[in-house]
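Listed here are the chains, written in short residue letters.
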Amino acid sequence: MGVRFNDLGRTSKLERSSLLEDIAMILESGSFLNGPFSERLRSMLKSSLSVNGVTLVGNGTDALRVALMSLGVTSGSRVVTVGNAGGYASGAALSLGATPVLVDVSAETAQMEPDSLRRALESRERPDAIVVTHLYGLMAPIIELVDLASAAGVPVVEDVAQAFGARIAEGPAGSFGSLATTSFYPTKNLGSIGDAGAIFSSSKELSDRCARLAQYGWGERYVVESLSGVNSRMDEIHAATLCQRLSSVHHQNAQRRAIVADFNASLGPKRRVIHAEGESFVGHLAVMTTPERDRDRERLTNAGIETAIHYPIPDHLQPAWEKLIETPVPLANTETLARQVLSVPCFPSMTEAEIDQVRVALEALGD
Ligand SMILES: Cc1ncc(COP(=O)(O)O)c(C=O)c1O
């Protein structure tokens, strides 16, 4: 039997009756948007992330765009981010007419490297925002990054789409920046049964601005108070699903963490899975680094294991973006990691037999 990269139907099959109950309630109520489930989800998310304001939106890309808009990012602005995180932050900046400015990541953790950020901040004029993505389920060194950003007077947006539920002693991922965003895309640790996203902030002013920008720029109904508002809302079915799933996310994060630790222990000395012990890591993806990716991928495929690459092309080398991105510092680690990363299956409903099959195949890769 093969091991699939993910199997979302396994979880939703178990939730079938409780989800159908909520959906029936929504259908009967006639309240499809901005209803009681959205209200409940906002309040659950506020306490989960220790923030005061939550704006529910249509997906994680809209969350990033609206968060950047709320900080005044527009045509001609510059937004610092990393180039190894799937391009979501660069794409959001470019869609607003802003220029992404890339800094390098740590070779060990694949997260934004504070020293590289410091050099980029010193080298050119002040950027308008910094997007810190907590990648693969691991928290970036957020305290150091926010300190550097604050000293330079630049607001930080944390993207917690891949690290929902991660935390360090000082607080949960998403509680450190001026704003944070997430995606509830189905494969995320907290995912829905379709597209959805959210923006978090403890600033009332920024939260109010996000709420206006996400709904046509309206202050009150039909009164446009913010220029360039969009329409991005979460519907009640996703809000109800997420209310149900929020209660199991921490338990599932622990299951993911255990799977990743197990896989890491199966690898020889030239390979490792990017991870950390403890709650600063929530095992969104099991991403190994290997000096022989093509060979390893082929061997895993032959052993029936599906793999993926997160992500094969750094943002500054994307064909449509090459000329639009600033690279003020060398991006050596970003480029090396793009050649070495290989993701293996990691999801909470993996069976013991599947975990064993992956473990044995990883051991067989040898030294
Ligand atoms: C870190 C990160 N940010 C943003 C997004 C974009 O989210 P969405 O697909 O919901 O637009 C994703 C991917 O889904 C992501 O992994």
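Predicted, not measured: the structure shown is a model, and the values here were computed from it. (Residues numbered from 1 in each chain as written. Predicted model: local features only at pLDDT ≥ 70, side-chain atom pairs only at ≥ 80, totals over all residues. Heavy atoms only, no water.)

With respect to the site of the ligand
In the vicinity of the ligand, the contacting residues are Asn-59, Gly-60, Thr-61, Tyr-88, Thr-133, Asp-159, Ala-161, Gln-162, Ser-183 and Lys-188. With respect to the ligand, the side chain of Ser-183 contributes an N or O atom lying 2.7 Å from an oxygen atom. Calculation on the ligand without its partners gives an accessible area of 390 Å², and the protein chains cover 92% of this total. Taken together, the residues of the shell around the ligand sort by class into two nonpolar, six polar and two charged. (Near = heavy atom within 4 Å. Polar contact = N/O pair within 3.5 Å; in protein donor to acceptor, adjacent residues only side chain to side chain. Areas by Shrake-Rupley, 256 points an atom, 1.4 Å probe, with all protein chains shown as cover. Nonpolar A, V, L, I, M, F, W, Y, C, P; charged D, E, K, R; others polar.)

Things to note about the nonpolar core
Grouped together as the largest cluster of nonpolar side chains are 85 residues, with contacts concentrated most on Leu-45, Ile-130, Phe-200, Phe-263 and Leu-362. Residue contributions to this core peak at five residues, all from helix H8 (residues 236-246). If you count residues domain by domain, this core takes at least three from each of domain 1 (8-246) and domain 2 (249-363). Of all hydrophobic cores here, the second largest spans 23 residues; its members include Met-69, Ala-89, Ala-98 and Ala-214. (Core = buried A, V, L, I, M, F, W, Y, C linked by side-chain atoms within 4.5 Å. Buried < 20%, exposed > 50% of the residue type's maximum accessible area, 1.4 Å probe, protein only. Helix = DSSP H or I, 4+ residues; strand = E, 2+ residues; numbered from the N terminus. Domains from an automatic or database assignment.)

Comments concerning the packing of aromatic side chains
Taken as a whole and assessed by the stated rule, the structure comprises three aromatic pairs. Between Tyr-88 and Tyr-311, the ring centres sit 6.4 Å apart and the planes meet at 85°, which makes this aromatic pair edge-to-face. Note that Tyr-88 is positioned in helix H4 (residues 88-95) and Tyr-311 in the loop between helix H10 (293-302) and helix H11 (332-340), a separation of 223 residues in sequence. Given the relative accessible area of 16%, Tyr-311 is considered buried. Here Trp-218 and Tyr-222 contribute two aromatic rings whose centre-to-centre distance is 4.9 Å and whose plane-to-plane angle is 70°, an arrangement assigned as edge-to-face. Taken together, the aromatic side chains of Tyr-216, Trp-218 and Tyr-222 make up a single cluster linked through ring pairs. (Phe/Tyr/Trp six-rings, centres within 6.5 Å; stacked < 30°, edge-to-face > 60°.)

Considerations on the side chain of Asp-159
Its place among the elements puts Asp-159 in strand S5 (residues 156-159). In this structure, Asp-159 is buried with no salt-bridge partner, the nearest side chain bearing the opposite charge being Lys-188 at 7.5 Å. Looking at Asp-159, its side chain comes within polar contact range of the main-chain nitrogen of Ala-161, at 3.0 Å. Once residues within four sequence positions are removed from consideration, Asp-159 is found in contact with Leu-64, Val-131, Val-132, Thr-133, His-134 and Thr-181. (Lys, Arg positive; Asp, Glu negative; His and termini not counted. Salt bridge = Lys/Arg side-chain N within 4 Å of Asp/Glu carboxyl O. Contact = heavy atoms within 4.5 Å.)

Points about the sheet that holds strand S12 (residues 341-344)
One open sheet accounts for three strands, arranged S10-S11-S12; its pairing is antiparallel. Strands with a single pairing partner mark the edges of an open sheet, and in this sheet they are strand S10 (272-273) and S12. Examined bridge by bridge, S10 and strand S11 (residues 286-289) share two bridges and lie antiparallel to one another. In the strand pairing of S11, Arg-272 is matched with Thr-289. (Pairing = 2+ DSSP bridges.)

Regarding the domain arrangement of the protein chain
Domain parsing of the protein chain yields domain 1 (8-246) and domain 2 (249-363). Across the interface of domain 1 and domain 2, roughly 3,500 Å² is buried in total on both sides, 54% from carbon and sulfur atoms. Across the salt bridge formed by Glu-326 and Arg-78, the nearest N and O atoms sit 2.9 Å from each other. Viewed at the interface, domain 2 and domain 1 are joined by 29 residue pairs in polar contact (both at pLDDT 80 or more). Elements represented by at least two residues in the side of domain 1 that touches domain 2 include exactly helix H1 (8-29), strand S2 (78-82), H4, strand S3 (99-103), helix H5 (114-123), strand S6 (167-168) and H8. Tallying contributions element by element places S3 first for the side of domain 1 that touches domain 2, with five residues. Along the lines of polarity and charge, the residues of the side of domain 1 that touches domain 2 split into 22 nonpolar, 17 polar and nine charged. (Buried area = accessible area lost by both parts, 1.4 Å probe.)

Details of H1
At Arg-16, H1 is deflected by roughly 65°, the largest bend along its length. Within H1 the residues assigned to the buried category are Glu-15, Leu-19, Asp-22 and Ile-26. Turning to H1, the residues buried within the fold contact helix H2 (36-49) and H8. Gly-30 sits one or two residues past H1 and shows a positive phi near 70°. (Bend = angle between axes of the 7 residues up to and from the residue.)

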